[in-house]
Amino acid sequence: MSRLLTLLSGRKRVVIMGVLNRTPDSFSDGGRFTDDGAASAHIEAMLDEGADIIDIGAESTRPGARLVPDDEQIARIGSGVRDAVRLGALVSIDTTSPVVAERALGEGAAIVNSVSLDVAPALGALCARHDASLVLMHSRGAMTGMAGFSVYDDDAYDDVVADVSREWMHAAERAMEAGLSRDELLLDPGLGFAKNARHSLELVARLDELCALGFPVLVGPSRKSFVARAASAADPDLKEAPPEQRLGGTLAACLACASAGAAVLRVHDITPTRQALAFAAALTDARRATSASAGKEDLPR
């Protein structure tokens, strides 16, 4: 059993995946953690805040971002994977490259997080050899071809949940045919990837249908443009916020996803996310206690 499967099977709450972008151009925190020292300090800080997984990536997935060659990704990652492993982290490598993934798995990573379905067979075979888990995110095409943040033809999906489910399952089957155990696959609906704001919002609203497919679901709403666009559409007086001002909407999305059955939340802000989830759990417990007390009062004496 892989380390992630062990974590998921024993979890009592949603698993938190902290984001470490070792890129100069990521949409939210590009350039902040390109130095090994800064990256290591951020890993330690996220672990101290309670992150269960550290997801390390070296290729931006913002619309129009260039593809980064394997050797450049490896150079950008630097000692990141080794440092995170040394600090006791469960490490995920965010890449679509089998070469980069194999390097990271050899350094102690236990999860491959791919933003492409096209490489499912190669990454499935690789993860099977390394007893690792594979996150497959739904998208259509590379980020180089995306027109913009939350920009996609509204009619591109007949039913966004049904279409995402079908396309993701096809890729998952190819990964399993390559040797990966079904238990080691996670589904990511790919909020914002080849989807406009309405598509992403609907995926969050109907996440329970994706969870019903029987795979652990990982969701990454953190600081994404659809959060700001959905909020400003609901409240016309609310300006569309830049990434660093999207925490409120991000937390609301995280709570909705957790309530629908998400197993993993991929976020930039660990403590606020944990606090929001913990309060929601406390509120649920309080409602149950109140309901139980009311029931006892109704019993005949």
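Think of each chain on its own: its residues are numbered from 1, step by step along the sequence as written. A pLDDT threshold of at least 70 governs which residues receive local features in this predicted model, and a stricter bar of 80 or more applies before side-chain atom pairs are shown or counted, although totals over entire chains, interfaces and linings include all residues. Remark: hydrogens and water are excluded; side-chain values derive from all non-hydrogen atoms of the structure.

Caption draft 1: Representation of the pattern of salt bridges within the structure. Any Lys or Arg side-chain nitrogen found within 4 Å of a carboxyl oxygen on Asp or Glu counts as a salt bridge. Per the counting criterion, the structure on display carries 21 salt bridges. A salt bridge links E72 to R76, with the nearest nitrogen and oxygen atoms 3.2 Å apart. With a gap of 4 residues between them, E72 and R76 both fall in helix α3 (residues 70-77), about one helical turn apart. Across the pair D83 and R86 runs a salt bridge, and its minimum N-O distance is 3.6 Å. Placement of both D83 and R86 in helix α4 (residues 80-86) is noted, with a separation of 3 residues, approximately one turn of the helix. Exposure remark for D83: the relative accessible area of 12% places this residue in the buried category. Through salt bridges with shared partners, one network takes in D154, D159, R198, E202, R206 and E209. Every helix listed is a DSSP run of H or I at least four residues long, and every strand listed is a run of E at least two residues long, numbered separately from the N terminus. Using a 1.4 Å probe on the protein chains alone, a residue whose accessible area is under 20% of its type maximum counts as buried, one over 50% counts as exposed, and one in between counts as partly exposed.

Caption draft 2: Region of interest: the environment of P242. Checked against the element boundaries, P242 lands in the loop between α10 (225-234) and α11 (247-260). Taking relative accessible area as the criterion, P242 reaches 29% and is therefore assigned partly exposed. Spatially, the C-alpha atoms of P242 and M1 are 41 Å apart, while their sequence positions differ by 241 residues.

Caption draft 3: How the structure looks around helix α8 (residues 197-205). All of the buried residues in α8 are A197, H199, S200, L203 and V204. Projected onto a plane normal to the axis of α8, the buried residues spread over an arc of 165° and lie on a single side. Whether two residues touch is decided by their heavy atoms; if any such pair falls within 4.5 Å, the residues are in contact. Lining the buried residues of α8 we find α7 (160-177), α9 (207-211), α10 and α11. What the arc measures is the spread of directions leading from the helix axis to the C-beta atoms.

Caption draft 4: Main features of the side chain of E59. Take E59: it is sitting in the loop between β2 (53-57) and α3. R66 provides the closest opposite charge to the buried, salt-bridge-free E59, at an N-O distance of 7.1 Å. The term polar contact refers here to a pair of N or O atoms within 3.5 Å; inside protein, the definition further demands a hydrogen-donor-capable atom paired with an acceptor-capable atom, and it admits residues adjacent in sequence only when both atoms are side-chain atoms. Reaching out from E59, the side chain makes a polar contact with the backbone nitrogen of V68 at a distance of 2.6 Å. Apart from the residues within four sequence positions on either side, E59 is in contact with T23, R66, L67, V68, Q73, R76, T96 and M143. Think of it this way: Lys and Arg go in the positive column, Asp and Glu in the negative one, and His and the chain ends go nowhere.

Caption draft 5: Spatial organisation of the packing of α7 against α8. At a closest axis distance of 9 Å, the pairing of α7 and α8 adopts a crossing angle of 80°. Judged by the inter-axis angle, α7 sits roughly perpendicular to α8. Across the interface between the two elements, V160, V161 and V164 of α7 pack against H199, E202 and L203 of α8. Residue composition of the contact of α7 with α8, by class: 4 nonpolar, 1 polar and 1 charged. Working convention: axes come from line fits to C-alpha atoms, limited for helices to the stretch in contact. Angles between N-to-C directions cover 0 to 180 degrees. Angles are sorted into four bins: roughly parallel if under 35 degrees, roughly antiparallel if over 145, roughly perpendicular if 65 to 115, and oblique for all others. Each residue is assigned to one of three groups, with Ala, Val, Leu, Ile, Met, Phe, Trp, Tyr, Cys and Pro labelled nonpolar, Asp, Glu, Lys and Arg labelled charged, and all others, Gly among them, labelled polar.

It is worth stressing that arrangement in space is one thing and function is another; only the former is reported here.
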